[in-house]
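# Chain and residue survey
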Amino acid sequence: MPRFLVFAAIAASYFLFAILLNSVGTVILQSINSFDISKPDASTLEGFKDLSIAFVSFLVASFIPRVGYKAALLTGLFLVTLACAATPSIPDFWMIKLLFACVGTSFALVKVSVYAIIGQLAPDTRAHSSIMNVVEGIFMLGVLSGYWVFAAFIDHQNPSDLGWLNVYYPLAALGGLVALIVWLAPIEKPALPPLKAGAWQDFITTLKLTYQPLVLIFVISVFLYVLIEQGIGSWLPTFNREVIGLPVNISIQLTSVFAIALAVGRLSAGAVLRKLHWYPFLNGCLIAMAILICVSLPLAQPVQENSVQGLLDIPLAGYLFPLIGLLMAPIYPVLNSVMLSSLPKHQHAPMTGLIVVFSALGGTTGSIITGSVFAAFSGQVAFYLALVPLSGLLLALFQFHRATQRFSQV
């Protein structure tokens, strides 16, 4: 039972933040509609979210074990619950920016804690990979739920109406419930070596990790992957609206196919990876992603006006591109699991800090590049651009595999 409560606490925390973090695509579309801002301006929301994650993670990742993972989780949940409760009362774009800055700050605390707690629950590499994929799968289920929750608060007859901001009231209530679960969970404070040179030494340890070739190749891989995922995920609702010509609420609901694909891919990868080696498996996923991009984007053509009234009216081509989530799903958790399981447990928190930092930088870069290309050319050109970092990730994955082999022989 204690292990179950701990797992429930980290899973519930991840579920809540999945809704909030990945609502950025929906909020970008609604901010364009409600606040009359440009696409490049709207893309800065990703920066407020991700740069907050990066900054806070880099500063506090090494200190979190000393204050305790439960305290870090509760602090993050309190901050994001307060921000959600305040947002509907201040209907302005600057408040949306502040909200995502709070979400990013809180998630930095939560993700470092969750990844470190997984290390406490998993006795070996296979168990670690399996738990990691289940947790990331639950994260994607949260993403899926978020699209439908936000779509329910949008007036499809008047998409610019600010009533959609009321979605943050139930999300604030959910934050309070999750905080209660975390409070009740018996999360252990990690055993640490004696503090000899002050807490500042832990921060220096995080910096020194980047000097290891294995870690450097790994963070490059993470950066490229998240660049691809966030570039697609953040702009898919706008792609559905402006390229395919779907109504706003259906554009958001269709994006849930991407989330479903990610969730199914991550939940099933835990079983697949018990039988297959991770390296050829991820290579196959990347190659299949490139093929799907080249096949599906030419088929994404505008539908006739008012011809789509529900999800069943969407042409098959509209469902094809979001299936890329099924192929990219295992990549991120597997990379993280291979890296973390190669390190001693006392380095998991600082290593997770680096993961969060480079994930955040990749997400911001991907969203800004995609938004700028979308505005200057078209959504199809913007999504074709994903082939460039995808090629870079194939090369980085090859180098990462070689580095892990050399590291295991040391």
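These notes cover the structure that comes with them. (Residues numbered from 1 in each chain as written. Predicted model: local features only at pLDDT ≥ 70, side-chain atom pairs only at ≥ 80, totals over all residues. Heavy atoms only, no water.)

On to the overall build of the protein. Across its full length, the protein carries 19 helices and zero strands. The principal-axis extent of the C-alpha atoms belonging to the protein is close to 65 × 45 × 40 Å. Classification of the 410 residues of the protein by burial places 58% in the buried group. The long-range share in the protein, meaning contacts at least 24 apart out of those at least 6 apart in sequence, stands at 87%. In the form shown here, the protein has an accessible surface area of approximately 16100 Å², with 68% of it arising from carbon and sulfur atoms. Each charge class in the protein was averaged separately, 18 positive and 15 negative side chains, and the resulting centres sit 20 Å apart. (Helix = DSSP H or I, 4+ residues; strand = E, 2+ residues; numbered from the N terminus. Buried < 20%, exposed > 50% of the residue type's maximum accessible area, 1.4 Å probe, protein only. Contact = heavy atoms within 4.5 Å. Areas by Shrake-Rupley, 256 points an atom, 1.4 Å probe, with all protein chains shown as cover. Lys, Arg positive; Asp, Glu negative; His and termini not counted. Charge placed at Lys NZ, Arg CZ, Asp CG, Glu CD.)

For the rest of this paragraph, the subject is helix H6 (residues 93–121). Compared with an ideal rise of 1.5 Å per residue, which puts 29 residues at 42 Å, H6 spans 41 Å between its outermost C-alpha atoms and is within 8% of the ideal. Here H6 lies mainly inside the structure; 24 of its 29 residues are buried. (Expected span 1.5 Å × (residues − 1).)

Further remarks concern the environment of Leu 121. Residue placement: Leu 121 occurs in helix H6. Along the sequence, Leu 121 and Ala 86 sit 35 residues apart, while their C-alpha atoms lie 36 Å from each other.

This part covers the side chain of Thr 404. Within the element layout of this structure, Thr 404 appears in helix H19 (residues 387–409). A polar contact is formed between the side chain of Thr 404 and the backbone oxygen of His 401, at a distance of 2.7 Å. Discounting residues that sit within four places of it in the chain, Thr 404 has contacts with Leu 214, Trp 278 and Val 338. (Polar contact = N/O pair within 3.5 Å; in protein donor to acceptor, adjacent residues only side chain to side chain.)

The next subject is the nonpolar core. Ranked by internal contacts, the top residues of the largest apolar core, which has 141 residues, are Tyr 168, Met 328 and Met 351. Those residues in contact with Tyr 168 that sit more than four places away from it in its chain are Leu 20, Ser 23, Val 27, Cys 84, Ala 85, Thr 87, Pro 88, Leu 99 and Phe 150. (Core = buried A, V, L, I, M, F, W, Y, C linked by side-chain atoms within 4.5 Å.)

Positive phi outside glycine occurs at Asp 36, with the angle close to 55 degrees. Within the secondary structure, Asp 36 sits in the loop between helix H2 (24–35) and helix H3 (39–60). Of the residues examined, Asp 36 reaches a relative accessible area of 70% and is grouped as exposed.

The full count for this structure, using the stated rule, is 14 aromatic pairs. On the numbers, 5.9 Å between centres and 35 degrees between planes, the contact of Tyr 14 with Phe 107 is tilted. Here the residue Tyr 14 occupies a position in helix H1 (residues 2–21), and Phe 107 occupies one in helix H6, the gap between them amounting to 93 residues. With respect to class, Tyr 14 is no different from Phe 107; both count as buried. Ring geometry for Phe 218 versus Phe 400: centroids 5.7 Å apart, planes at 35 degrees, classification tilted. Here Phe 218 is found in helix H10 (residues 213–242), whereas its partner Phe 400 is found in helix H19, with 182 residues between them in sequence. Residues Phe 218 and Phe 400 agree in their burial class; the two are buried. In this structure an aromatic cluster arises from ring pairing among Tyr 14, Phe 17, Phe 107 and Phe 139. (Phe/Tyr/Trp six-rings, centres within 6.5 Å; stacked < 30°, edge-to-face > 60°.)

The next thing to look at is the state of the cysteines. Applying the stated rule across the entire model yields zero disulfides. Sulfur of Cys 84: no disulfide; nearest cysteine sulfur belongs to Cys 102 and is 9.0 Å away. (Disulfide = S-S within 2.5 Å.)

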